[in-house]
Amino acid sequence: MRIAVVEHHDHPSVAVVGETLAAAGADLDMIWGAQGDPMPTQGSHDALVVLGGAMNAADDETCPYFPTLVDSIRGFAAADKPVLGICLGAQLIARAFGAELQIGGPFEFGFQEIVPLPAAADDPVMNILERPLPLFQWHYDHYDLPEGAVRLATNEAYPNQSFRIGRATYGTQFHFEVDKPTVDQWVVSNPNLAENAPGFETWLPVQFENHEAGSRAFCREVTTRWAALAG
């Protein structure tokens, strides 16, 4: 299986999703948007992963490849090939399917409870989320639910935490892919983080001690189930 993975910065963030796919024997084609790599097409890949980033999903000036990436998302979905969007990736999926983007909302950061909705029980990927689970968040932006999408999970801060479009296009606002080294790298790249997350230097490591193992297990299962949709 050949899977396109779109990164938006110069440092890798595919983390546990990448580990899981590689362990299953998938060929990961890493595509670096900031370096001008051409965006993938459904003709050359079996599935598409779109990762998170600090930019917003409408920022075509900073990321001139976004319109082409949005077209790619629609192309994979139209071909019934699996798409997985995480945080910014989910926002780009929402954009691809005509939903309104919500730019600059309240900061949601750290491990926050994600609550399954009834539709998750019948979903082949997200039915593993049987009860509220703490998963990692780092975002200001959000999105309305695209027309025809099935909302799978929510929380008090942002309503559309997970959704599915069609058979195999999934978006999650939460970062279920992270491990501590990945987040540590993001922290280094954000020297003003303490202004919006006071005391995180103390409480964030405790959160990782308490919740990283559960997040990893959830990620491995979700990723495996999602990849299986490629057939």
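Keep in mind that what you see is a predicted model, and the values were worked out from it rather than measured. (Residues numbered from 1 in each chain as written. Predicted model: local features only at pLDDT ≥ 70, side-chain atom pairs only at ≥ 80, totals over all residues. Heavy atoms only, no water.)

Caption draft 1: Seen up close, the overall build of the chain. Assigned secondary structure in the chain consists of six helices and eleven strands. In terms of overall dimensions, the chain is globule-like: its C-alpha atoms have a radius of gyration of 16 Å, near the 17 Å expected for 231 residues. Along the three orthogonal principal directions, the C-alpha set of the chain runs to about 45 × 40 × 35 Å. For the chain, the residues scored as buried account for 50% of the 231 residues in total. Long-range contacts, defined here as pairs at least 24 residues apart, represent 73% of the contacts in the chain between residues at least 6 apart. (Helix = DSSP H or I, 4+ residues; strand = E, 2+ residues; numbered from the N terminus. Rg over C-alpha atoms; globule rule 2.2 N^0.38 Å. Buried < 20%, exposed > 50% of the residue type's maximum accessible area, 1.4 Å probe, protein only. Contact = heavy atoms within 4.5 Å.)

Caption draft 2: Geometry of the pattern of salt bridges. Evaluation of the coordinates by the stated rule reveals ten salt bridges. Measuring nitrogen to oxygen at the nearest pair gives 3.5 Å for the salt bridge that ties Arg 216 to Glu 19. Placement of Arg 216 in helix α6 (residues 200-228) and of Glu 19 in helix α1 (residues 15-23) is noted, with a sequence separation of 197 residues between them. Its relative accessible area of 23% is what places Arg 216 among the partly exposed residues. What makes Glu 19 partly exposed here is its relative accessible area of 41%. What emerges from the salt-bridge pattern is a single network uniting Glu 19, Asp 179, Glu 212 and Arg 216. (Salt bridge = Lys/Arg side-chain N within 4 Å of Asp/Glu carboxyl O.)

Caption draft 3: Local environment of unusual backbone geometry. The residue Ala 15 is not glycine, and still its phi comes out positive at about 45°. Positionally, Ala 15 belongs in helix α1. The backbone phi angle of Cys 87 is positive, close to 55°, even though this residue is not glycine. Topologically, Cys 87 is positioned in the loop between β4 (83-86) and α3 (88-96). On the basis of relative accessible area, Cys 87 is assigned to the buried category, the value being 4%.

Caption draft 4: Layout of α3. Taken across its nine residues, α3 has eight buried, putting it largely inside the fold. Among all positions of α3, only Leu 88, Gly 89, Ala 90, Gln 91, Leu 92, Ile 93, Ala 94 and Ala 96 are buried. Two residues or fewer past α3, Gly 98 is found with a positive phi of approximately 85°.

Caption draft 5: Structural detail: the side chain of His 45. Along the chain, His 45 falls in the loop between β2 (27-32) and β3 (47-50). Among the polar contacts listed, one links the side chain of His 45 to the side chain of Asp 29, at a separation of 2.7 Å. For His 45, the residues in contact, after removing those within four places along its chain, are Arg 2, Ile 3, Ala 4, Asp 29, Pro 40, Phe 76 and Lys 81. (Polar contact = N/O pair within 3.5 Å; in protein donor to acceptor, adjacent residues only side chain to side chain.)

Caption draft 6: Highlighting the sheet that holds strand β6 (residues 108-116). What the nine strands build is an open sheet, ordered β2-β1-β3-β4-β11-β10-β9-β6-β7; its pairing is mixed. Sheet topology places β2 and β7 (133-139) at the edges, where each strand pairs with a single neighbour. Across the sheet, the axes of successive neighbouring strands diverge by a mean angle of 25°, strand direction being ignored. When β6 meets strand β9 (residues 150-154), the two strands line up antiparallel, connected through two bridges. Across the sheet, Val 115 pairs through a bridge with Thr 154, a residue of β9. (Pairing = 2+ DSSP bridges. Axes fitted to C-alpha atoms, helices over the stretch in contact; angles between N-to-C directions.)

Caption draft 7: Inspection of the packing of α1 against α6 at higher detail. Look at α1 against α6: their axes get within 9 Å of each other, and the N-to-C directions meet at 50°. It follows from the interaxial angle that α1 and α6 lie oblique. Here α1 runs over α6; the crossing is right-handed. Residues Val 16, Val 17, Glu 19, Thr 20 and Leu 21 of α1 form the contact with α6, whose participating residues are Arg 216, Cys 219, Arg 220, Thr 223, Thr 224, Trp 226 and Ala 227. (Parallel < 35°, antiparallel > 145°, perpendicular 65-115°, else oblique. Left-handed = near helix turned anticlockwise from the far one by under 90°.)

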